[in-house]
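So the chains spell out like this:
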Amino acid sequence: MQHAEPTTRPQRKRLPHWLRLPLPASDSFTKTRGLLADLRLHTVCESAKCPNHWECWSQGTATFMIAGDRCTRACGFCAVTTAKPLPLDPGEPARVAEAARRMGLRHVVITAVARDDLDDGGAGHFRQTIEAVRAMRPDMIIEVLTPDFLDREPALESVIAARPHIFNHNLETVRRLTPSVRSRATYDRSLSVLKKVKARCGGTIHTKSGLMLGLGESEDELFEALNDLRGVGCDILTLGQYLQPTLHHLEVQEFVTPEKFAEYGRLGARLGFVHVASGPLVRSSYHADEFVPVR
Ligand code: SF4
């Protein structure tokens, strides 16, 4: 029997079998990658090291990340680069619309880095991107996954005015863990964002939020978060397994089993979410087109 040498280097936990994914070569993956490079667009799929990168791009879908690839925050779970951002690219909204057209998407998901350096947090850029996509394809379902805009009402109003079908803002984790998981955000601010959007959209926009599990939350804390989301009228819920993107990020505390995810999904439905996606590989935008909003 060999003895492993003790190591001082941090290590990542070994993945359980349900999280080990094949990485098949695929022409459609290469095509998606080429199209995005051609249009000089960023995606959260790549920047955040999403585990579904191969699957989604092979199926010809991706989540566009606008306002650059440098984030002004440094959340402990997220692999997006933290750095001083560059000025906004005024041509980006049109290129996102062009990409959505070329990819033949019927449901587009647009997210952004947090731009706390801008007065509107990048809300105007979201608005322009929504408008560009709608001008290109009026029938496209448009989902935005936004930062909290520091809960500033003019910024929220700006995005709401562009009338996305789905407004997603992630709670990410339970109340107790929020300061260590996303230190520049607050749990109550995120709830406030969702509440304001719901109050102002007159029911024409579906609100959506999600949490990562496995960061050390208890079931009671999770249930509290789900109830809090329903309390602000959140319509759609996503629950997925947190995966440590690099050794410099928060460690996984627990791998939640697929059976537990299914149980939490049933609980979400009982609580009144109109659509719930709950599973180890679920991310905010994973199979986002499975929910078809009606206006
Ligand atoms: S789940 Fe979302 S972020 Fe991940 S690869 Fe798919 S589209 Fe991209």
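Shown above is the structure to which this text applies.
Residues numbered from 1 in each chain as written. Predicted model: local features only at pLDDT ≥ 70, side-chain atom pairs only at ≥ 80, totals over all residues.

As for the overall build of the protein
- A count of helices and strands for the protein gives ten helices and eight strands.
- Computed over C-alpha atoms, the radius of gyration of the protein comes to 19 Å, within 12% of the 19 Å expected from 2.2 N^0.38 for 295 residues, which places it in the range of a compact globule.
- By principal-axis analysis of the C-alpha atoms, the protein measures approximately 65 × 45 × 35 Å.
- Residues counted as buried form 44% of the 295 residues belonging to the protein. (Helix = DSSP H or I, 4+ residues; strand = E, 2+ residues; numbered from the N terminus. Rg over C-alpha atoms; globule rule 2.2 N^0.38 Å. Buried ≥ 20, exposed ≤ 12 C-beta atoms within 10 Å, placed from the backbone.)

As for the pairing of strand S3 (residues 107–112)
- Of all the six residues making up S3, six are buried; the element is thus mostly covered by neighbouring parts of the structure.
- In S3, alternate side chains face the same way, and those of His107, Val109 and Thr111 on one face and Val108, Ile110 and Ala112 on the other are all buried.
- A crossover connection joins strand S2 (residues 63–66) to the parallel S3 through helix H4 (residues 92–103); in handedness this β-α-β unit is right-handed.
- Pairing analysis gives five bridges linking S3 to strand S4 (residues 141–145), with the strands arranged parallel. Each residue of the ladder has a partner; that of His107, found in S4, is Ile141. (Right-handed = clockwise from strand over helix to strand, strands pointing away. Pairing = 2+ DSSP bridges.)

Concerning the sheet that holds S3
- Read from one edge of the open sheet, eight strands run S1-S2-S3-S4-S5-S6-S7-S8, paired in mixed fashion. Pairing within the sheet leaves two strands with one partner each, and these edge strands are strand S1 (42–43) and strand S8 (275–278).
- Examined bridge by bridge, strand S5 (residues 166–168) and strand S6 (residues 206–213) share three bridges and lie parallel to one another. Across the sheet, Phe167 pairs through a bridge with Thr207, a residue of S6.

Structural notes on helix H10 (residues 258–271)
- The first and last C-alpha atoms of H10 sit 20 Å apart over 14 residues, in line with the 20 Å expected at 1.5 Å per residue.
- Regarding H10, the residues found buried are Phe261, Tyr264 and Gly268. Along the long axis of H10, the arc covered by the buried residues comes to 60 degrees, so they all point the same way. Opposite the packed face of H10, turned more than 90 degrees from it, sit the exposed residues Glu259, Ala262, Arg266 and Arg270. (Expected span 1.5 Å × (residues − 1). Arc of directions from axis to C-beta.)

Overview of the nonpolar core
- Ranked by internal contacts, the top residues of the largest apolar core, which has 76 residues, are Val96, Ile110 and Val144.
- Per-element accounting of this core gives the leading share, five residues, to helix H8 (residues 187–201).
- Those residues within four positions of Val96 in sequence are excluded, and the remaining contacts are Leu41, Phe64, Ile66, Ile110, Thr129, Ala132 and Val133. (Core = buried A, V, L, I, M, F, W, Y, C linked by C-beta atoms within 7 Å. Contact = placed C-beta atoms within 7 Å.)

Things to note about the environment of Arg163
- Mapped onto the elements, Arg163 comes out in the loop between helix H6 (153–161) and S5.
- C-beta crowding within 10 Å serves as the criterion here: with 16 such atoms nearby, Arg163 is assigned to the partly exposed category.
- Counting along the chain gives 121 residues from Arg163 to His42, while the straight-line C-alpha distance between them is 23 Å.
- Beyond its immediate stretch of four places on either side in the chain, Arg163 contacts Thr204 and Ile205.

Let's talk about the packing of helix H5 (residues 123–136) against H6
- The contact between H5 and H6 brings their axes to 8 Å, and the two run at 0 degrees. Between H5 and H6, the angle is such that the two are roughly parallel. Residue-level inspection shows Ala123, Gly124, Phe126 and Arg127 of H5 in contact with H6, the latter providing Ala155, Ser158, Val159 and Ala161.
- For the contact of H5 with H6, a count of residues per class yields five nonpolar, two polar and one charged. (Axes fitted to C-alpha atoms, helices over the stretch in contact; angles between N-to-C directions. Parallel < 35°, antiparallel > 145°, perpendicular 65-115°, else oblique. Nonpolar A, V, L, I, M, F, W, Y, C, P; charged D, E, K, R; others polar.)

Details of H8
- Across its 15 residues, H8 extends 22 Å between first and last C-alpha, which sits within 8% of the 21 Å expected from 1.5 Å per residue.
- For H8, every residue scored as buried is listed here: Tyr187, Ser190, Leu191, Val193, Leu194 and Val197. Each buried residue of H8 lies within a common arc of 155 degrees when the element is viewed along its axis, so the set occupies one face.
- Lining the buried residues of H8 we find H6, S5, helix H7 (178–181), S6 and helix H9 (219–231).
- In the stretch just after H8, Gly202 is the one whose phi turns positive, near 60 degrees.

Quick look at the environment of Phe149
- Here Phe149 shows up in the loop between S4 and H6.
- Exposure remark for Phe149: the 25 C-beta atoms within 10 Å place this residue in the buried category.
- Once the C-alpha coordinates of Phe149 and Asp120 are considered, the two residues, 29 residues apart in sequence, prove to be 7.0 Å apart.
- For Phe149, the residues in contact, after removing those within four places along its chain, are Gly121, Ala123, Ala155 and Leu156.

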